[in-house]
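Coordinate inspection notes
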Amino acid sequence: MVAHSGLITVMDRAARKAGQRLRRDFGEVQQLQVSRKGPADFVSLADERAEQTLYEELRKARPDWGFVGEEGGTREGDPAKPRWIVDPLDGTTNFLHGIPHFSISIAVQEPKIGAGHGEITQGLVYQPLTDESFWAEKGRGAWLQDRRLRVSARRDLADALIATGIPFLGHGDFQEWTAIFAAIAPEVAGIRRFGSAALDLAWVAAGRFDGYWESDLKPWDVSAGILLVKEAGGFVTDFRGGDQMMERNQYLAANDALQSKLHKLLAGALRSRA
């Protein structure tokens, strides 16, 4: 069994505890109380329960850490200590439609030094229905349970399966996405839109997807997944090929060979719109 830090143990236990409840709620999805949070953006009772479970479990282990959750917002902790960044149910729309593809995402963010964002040092993405726990620690690799993960070794776009998210009501730039899709789709083996950004990135780390692009996401959607891809030997950049992913809210992930090829197509598509 691979040795990991106590933090990963804490994160895994919290995710599994919240996951048990999500599995039960998923079985009764038609009876869930659902409220509108915004245009095409639903929040369910299951979502709120899962976040509360995660908050209680993580706070028990690190009582002085801050907590940023999708549902409950920011709860301040000691500014000199790390904080948790949590999505209790990434793929809520799938969940509420009875589609068995969703995840819990937990990341540890170190305190910010100067401008920019604090570094993500641990990340975990858990799929409750398949019981798959993808986790990574900075400098210690990415793993699925106790199996080391590596990004895909494919070098040719013609063999590549690429994941994305599609803009929808109230979210994203549809014209930008359409231009990028039109540039990438004719060059690759296929494009998939499964509806959970955290799992998309975890699957890039696991070599199931060869690449991924999306924009207009929140930190809790991508923080753990970005670390997973990097620790699995992959690259994550913004659409300009830089490291301002969070600032620009743009994410392009792949192995080294496909990253440069995808970026060339993507950049050309964006130039053609200018």
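The structure this text deals with has already been given above.
In short, a report on the structure. (Residues numbered from 1 in each chain as written. Predicted model: local features only at pLDDT ≥ 70, side-chain atom pairs only at ≥ 80, totals over all residues. Heavy atoms only, no water.)

1. Section: the sheet that holds strand 14 (residues 235-237)
Pairing is mixed in the open sheet, where five strands are placed in the order 12-11-13-15-14. Of all the strands in the sheet, just strand 12 (190-192) and strand 14 have a single pairing partner and so form its edges. For this sheet, the mean inter-axis angle between neighbouring strands, taken without regard to orientation, is 15°. Both strand 11 (residues 161-164) and strand 13 (residues 211-215) contribute to a ladder of three bridges, which runs parallel. Its bridge partner lying in strand 13, Ile-162 is registered against Gly-211. Packing of helix 6 (residues 219-231) onto the sheet brings it into contact with strand 14 and strand 15 (250-254), and relative to strand 14 it is tilted by some 135°. (Pairing = 2+ DSSP bridges. Helix = DSSP H or I, 4+ residues; strand = E, 2+ residues; numbered from the N terminus. Axes fitted to C-alpha atoms, helices over the stretch in contact; angles between N-to-C directions. Contact = heavy atoms within 4.5 Å.)

2. Some details on the packing of helix 4 (residues 174-184) against helix 8 (residues 256-273)
One way to put it is that helix 4 packs onto helix 8 with a least axis distance of 8 Å and a crossing angle of 130°. The angle between helix 4 and helix 8 places the two elements in the oblique class. Crossing hand, helix 4 versus helix 8: right-handed. Along its contact with helix 4, which presents Gln-175, Glu-176, Ala-179, Ile-180, Ala-183 and Ile-184, the element helix 8 presents Leu-262, Leu-265, Leu-266, Ala-269, Leu-270 and Arg-273. Residues of the contact of helix 4 with helix 8, tallied by class, amount to nine nonpolar, one polar and two charged. (Parallel < 35°, antiparallel > 145°, perpendicular 65-115°, else oblique. Left-handed = near helix turned anticlockwise from the far one by under 90°. Nonpolar A, V, L, I, M, F, W, Y, C, P; charged D, E, K, R; others polar.)

3. With respect to the packing of aromatic side chains
Tallied over the entire structure, the rule returns 12 aromatic pairs. Consider the rings of Phe-26 and Phe-102, whose centres lie 5.2 Å apart with planes at 50°: the pair is tilted. Of this pair, Phe-26 sits in helix 1 (residues 6-27) while Phe-102 sits in the loop between helix 3 (92-96) and strand 6 (103-109); the two residues are 76 residues apart in sequence, bridging distant segments of the chain. Each member of the pair, Phe-26 as well as Phe-102, is classed as buried. By way of ring pairs, the aromatic residues Phe-174, Trp-177, Phe-181 and Trp-213 are connected into one cluster. For the cation-ring pair, Arg-62 lies above Trp-65, with the distance from its terminal atom to the ring centre recorded as 5.6 Å. Here Arg-75 stacks its cationic end above the ring of Tyr-55, 3.9 Å away from the centre of that ring. (Phe/Tyr/Trp six-rings, centres within 6.5 Å; stacked < 30°, edge-to-face > 60°. Buried < 20%, exposed > 50% of the residue type's maximum accessible area, 1.4 Å probe, protein only. Lys NZ or Arg CZ within 6 Å of the ring centre and 35° of its normal.)

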